[in-house]
Amino acid sequence: MRREDFVHVFIMVAGVFTGAHVWEETAARLAAAGSAVHTVPLTGVDPDRSAHPGNVGLETHIEDVIAAIDAVDAASGQEIVLVGHDYGIHPVLGAADRRAERIARVVYLDSGMPQNGVPALATVPDQVLRAQLAERAEAGEREGVLAPPGLDGWERWGSTADLDEAALKRLTDLAAPQPLGTLLEPLRLTGAVAAVPVSGVLCARNGASIDLVQRLVDFGDPALAALAEPQVSFFELPTGHWPMLSGPDALADVLLRAAAGEGHRLRPAGADAAKPAHLRPFPLDVPELPRDRQGHVDLYVPDGVGPLPAVVFVHGGPVPAGARPSPREWPTLVGYARMAAAAGTIGVTLDHRLHDLSDYDRAAADIAAGVELVRADARVDADRIALWFFSGGGLLTTDWLTRPPAWLRCLAASYPVLAPLPAWGLAGSRFHPARAVEQAGPLPVVLLRAGREAPEIAATVDAFVTAADDSAARLELIDVPNGFHGFETLNAPEETIPALRQAMRSVVTHLTR
């Protein structure tokens, strides 16, 4: 086949520490399918594009990509598809913004969503490392390099799921230092790239999924509305962060489909369709008690003589700051609170500021302040409190497991994340319930486990259960065998109601014993 006969030209840009070599297998499969492929060697990273690190910034790499675009004959009629993996999406977007009329599609391969004026540093997953690099930037150190990880350090940059020993060794042996300027220099966009069609390829074993992105859109944050536009499509691969090494055939197939305009389209928030999961009705009939709003806390107080025990329900996340209604008003959380009130306790929902994976410290402080606000209420028995966590809020159980106060009579969790996922950048943080549970002592823990949980989350639950068993923690497991993550509104009532009732009985028993 002559070069001018190729319909698509894939221009592919690798992530941190990696060069054009990572694309070899995927590029070969794309070429065999009849596409032209150009894997961009990045200055200062690829061996044949060496340069002094002080002279290499994001702008250098943008120019590398622009050169690859300009090398494609504009009169050939070939459609250029830019593919950016991880950090590579930053130079891809910078180049596409300046050559928007030449680009048929941009593919975000397991990457973030860079914004104008924000450096790639913001997407470094490891939060400790990100803070260290920010300090170096503030000190004016911009000409150094960031050393690549060793064989056992790649998990700090993304899930290595499905990489065999040979692939991981190859990744390590061929890794190159990353010039600091490429991470610290802000991305500058004019807005022209917004007109270019987009596809996102999500790697499920790195913690991303189409369902997760749809949920984020459903929260109603205007900043995410663009993800549901017709020109945006999504694909999902059941592998880790380096699909070009762990599944080159599947990746090539997805890239060809993306180039053809295929892929899953998201439902816009508020569209005339089934309500998003977090806004669907609670499956149990519960009394319509009014809420009593106190700051960032809502109380549902039953009739009766007080003071009464309280159950505080802690939502998951991250939840975009612009989500409306806010989590404490979601039907599921309100349903749980009213269910607790029907059982003779005070049900409480609260909002906390877990808007980003870097917000766990702030969210933990919000919860602690909310609990003290509840305990100070004259209607509440301050010595009989239970905390009930959901989903990504599961990491926030850590402080309460590590040092449970005497007034905390029970801790419960529904489909929780109980250890940081690989791409969350929290490996060195304190938020690790699977390690903290051994310090819980006599604190009763009620855990509702979803049988059809995402494998990555299920693994954290398994680790927690094993640690609890090894430490003789007081763990009560309540299984929902066919339950999905968020089973209250995703599974049939007959599958979930018995589990909800059993869990509530256990929590209330611990409060009233």
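Higher on the page you've got the structure.
Residues numbered from 1 in each chain as written. Predicted model: local features only at pLDDT ≥ 70, side-chain atom pairs only at ≥ 80, totals over all residues. Heavy atoms only, no water.

Overview of the sheet that holds strand β13 (residues 380–390)
One open sheet holds the eight strands; their spatial order is β9-β10-β12-β11-β13-β14-β15-β16, and the pairing between them is mixed. Pairing within the sheet leaves two strands with one partner each, and these edge strands are β9 (292–294) and β16 (474–480). With direction set aside, neighbouring strand axes in the sheet form an average angle of 20°. In this sheet, β13 lies alongside strand β11 (residues 308–314) in parallel orientation, the contact comprising six bridges. (Pairing = 2+ DSSP bridges. Helix = DSSP H or I, 4+ residues; strand = E, 2+ residues; numbered from the N terminus. Axes fitted to C-alpha atoms, helices over the stretch in contact; angles between N-to-C directions.)

A closer look at the nonpolar core
Membership of the largest hydrophobic core comes to 83 residues, with the highest contact counts inside it found for Ile11, Trp23, Leu82, Val83 and Val106. Beyond its immediate stretch of four places on either side in the chain, Ile11 contacts His38, Val40, Ala68, Ile69, Val72, Ile80, Val81, Leu82 and Val83. Counting residues in each nonpolar core, the second largest holds 49 residues, with Val297, Ala310, Phe431 and Ala467 among its members. (Core = buried A, V, L, I, M, F, W, Y, C linked by side-chain atoms within 4.5 Å. Buried < 20%, exposed > 50% of the residue type's maximum accessible area, 1.4 Å probe, protein only. Contact = heavy atoms within 4.5 Å.)

A look at the packing of helix α10 (residues 331–342) against helix α16 (residues 493–512)
In contact at an axis separation of 11 Å, α10 and α16 are set at 55° when each is read in the N-to-C sense. For the element pair α10 / α16, the angle class is oblique. Handedness of the crossing formed by α10 with α16: right-handed. In this structure, α10 contributes Tyr336, Met339 and Ala340 to the contact, and α16 contributes Leu500, Arg501 and Met504. Of the residues assigned to the contact of α10 with α16, the class counts are five nonpolar, no polar and one charged. (Parallel < 35°, antiparallel > 145°, perpendicular 65-115°, else oblique. Left-handed = near helix turned anticlockwise from the far one by under 90°. Nonpolar A, V, L, I, M, F, W, Y, C, P; charged D, E, K, R; others polar.)

What to know about the packing of aromatic side chains
For any pair of aromatic rings, the description rests on two quantities: the centre-to-centre distance and the angle between the ring planes. According to the stated counting rule, one finds 16 aromatic pairs in the structure shown. Seen from their ring centres, Phe282 and Tyr336 are 5.3 Å apart, and the 55° between their planes marks the pair as tilted. Note that Phe282 is positioned in the loop between α9 (248–259) and β9 and Tyr336 in helix α10, a separation of 54 residues in sequence. With respect to burial, Phe282 and Tyr336 carry one shared label: buried. Among the aromatic residues, ring-to-ring pairing joins Phe282, Phe313, Tyr336, Trp388, Phe390, Tyr415 and Phe487 into one connected group. (Phe/Tyr/Trp six-rings, centres within 6.5 Å; stacked < 30°, edge-to-face > 60°.)

Comments concerning the layout of surface pockets
Considered as a void within the structure, the second largest pocket measures approximately 300 Å³ in volume. In terms of lining, the second largest pocket is formed by 17 residues, of which the most central are Glu155, Ser159, Pro420, Leu421 and Pro422. For the lining of the second largest pocket, the class distribution of residues is eight nonpolar, four polar and five charged. (1 Å grid on protein atoms, 1.4 Å probe; cavity = no way out; pocket = protein on both sides within 12 Å on 5 of 7 lines; lining within 4 Å. Points joined across faces, edges and corners; volume = space filled by probe spheres on them.)

Overview of the sheet that holds strand β8 (residues 232–237)
On the basis of which strands lie adjacent, the open sheet formed by six strands has the order β2-β1-β3-β4-β7-β8 and parallel pairing. The sheet is open, and its two edges are formed by β2 (36–39) and β8, each paired on a single side. Neighbour to neighbour, the strand axes of the sheet diverge by 20° on average, direction disregarded. Two strands pair when backbone bridges link them, and strand β1 (residues 8–13) and strand β3 (residues 79–85) are joined in this way by six bridges, in the parallel orientation. Following the sheet pairing, Met12 is matched in β3 by Val83. Of the strands in this sheet, β1, β3 and β4 (103–109) are in contact with helix α3 (residues 89–98), which crosses β4 at around 160°. Each of β7 (198–203) and β8 is contacted by helix α7 (residues 210–218), which is oriented at about 140° to β8, the strand it contacts most.

Topic: the packing of helix α1 (residues 24–32) against α9
As a packed pair, α1 and α9 sit with axes 9 Å apart at the nearest point and diverge in direction by 50°. One element, α1, and the other, α9, form an angle in the oblique class. Helix-helix and strand crossings are classified by hand; for α1 and α9 the assignment is right-handed. Contacts from Glu25, Thr26, Arg29 and Leu30 of α1 reach α9 at Pro248, Asp249, Leu251, Ala252, Leu255 and Leu256.

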